[in-house]
Amino acid sequence: MTSLRQQLRLYLVTDTALCRGHGLVETVQEAVAGGVTMVQLRAKDATTRERVDMARAIKAALFGTGVPVIINDDLAAAIKADACGAHIGQSDLAPADARRLLGPDKILGLSCETAATVQGADPDIVDYLGMGPVFGTATKQDHEAPIGFDGLAELAALTSLPAVAIGGLKAKHQADVLASGVDGLAVVSAICGQPDPKAAAQLFFQEPAQ
């Protein structure tokens, strides 16, 4: 059975606008074929009903792959779509409330930008942390100041929870990210909006050129 740490290795966070040309479900399906190990449906401008429909379509397309589908920031959609879990931020529902709604068996992720938020994450409630932003990114306008690889390593050292880095990350950053102590990279534009999502995902598993 694949561990959560392994599932965080290449974590695709969708951007419905970037995926529009290629298609959301098609982008996700091809990205998973290229090596993506977890998918987060992030659709900020969608309704809960639309997120449920999107999640169900993605789940159907990924049936049999074992790749978890998580929904960002919408517990009602995660429950209704029977997603594998949900991901919340510091300004969203309290983790304890999210866990109570989700139940004990679903995956719950929490975004952390500071040492205090990492240390405040309860391992009995939260399953993994999203740490960053490592770099600034246009796909999330309201992010905190970038923390860089040094800041990422400092945060990773503060928790025993599985963790994934996010924020402007590309395939060329994977060695530095993994060396920081986190389990994987969460990416958006490195795959969403790319002409070949499968090839874009495969880049994260290639040895860097010497």
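Provided above is the structure to which this section pertains.
Given the structure is predicted, the values throughout are model-derived calculations rather than measurements.

1. Examining the overall build of the protein
Broken down by element type, the protein carries nine helices and eight strands. Compactness check: the protein gives a C-alpha radius of gyration of 16 Å against a globular reference of 17 Å for 210 residues, within 12% of the reference. On the principal axes, the C-alpha backbone points of the protein span a range of 45 × 40 × 35 Å. Sequence-distant contacts, at least 24 apart, represent 59% of the contacts inside the protein between residues at least 6 apart. Total accessible area on the protein stands at roughly 9900 Å², and carbon and sulfur atoms take up 52% of it. Charged side chains in the protein number 17 positive and 24 negative. The centres of these two groups are separated by 5 Å.

2. A look at the pattern of salt bridges
Tallied over the full model, the rule gives seven salt bridges. Among the salt bridges present, the one from R100 reaches D97, with a minimum N-O distance of 2.4 Å. Of this pair, R100 and D97 both sit in helix α5 (residues 95-102), three residues apart, which is roughly one turn of the helix. With a relative accessible area of 60%, R100 lands in the exposed category. On the basis of relative accessible area, D97 is assigned to the partly exposed category, the value being 27%.

Parameters and conventions
- Each chain has its residues counted from 1, running along the sequence as written.
- Per-residue local features are limited, in this predicted model, to residues with pLDDT of at least 70; the limit for side-chain atom pairs, both in listing and counting, is 80 or more; totals at the level of whole chains, interfaces and linings are taken over all residues.
- In computing side-chain values, all of the structure's heavy atoms are included and hydrogens and water are not.
- Helix and strand assignments come from DSSP, with helices taken as H or I runs of at least 4 residues and strands as E runs of at least 2, each series counted from the N terminus.
- Just to be clear, the radius of gyration here is over C-alpha atoms, and the globule rule we use is 2.2 Å times residues to the power 0.38.
- It only takes one pair of heavy atoms within 4.5 Å for two residues to be counted as in contact.
- Only the protein chains shown count as cover for residues, with accessible areas throughout obtained via the Shrake-Rupley method and a probe of 1.4 Å.
- Under the convention used here, Asp and Glu are negative, Lys and Arg are positive, and both His and the chain ends fall outside the count.
- Note that the charge is assigned to NZ on lysines, CZ on arginines, CG on aspartates and CD on glutamates.
- A carboxyl oxygen of Asp or Glu within 4 Å of a side-chain nitrogen of Lys or Arg is what we treat as a salt bridge.
- When a residue's accessible area, from a 1.4 Å probe over protein chains only, is under 20% of the maximum for its type it is buried; when over 50% it is exposed; and in between it is partly exposed.

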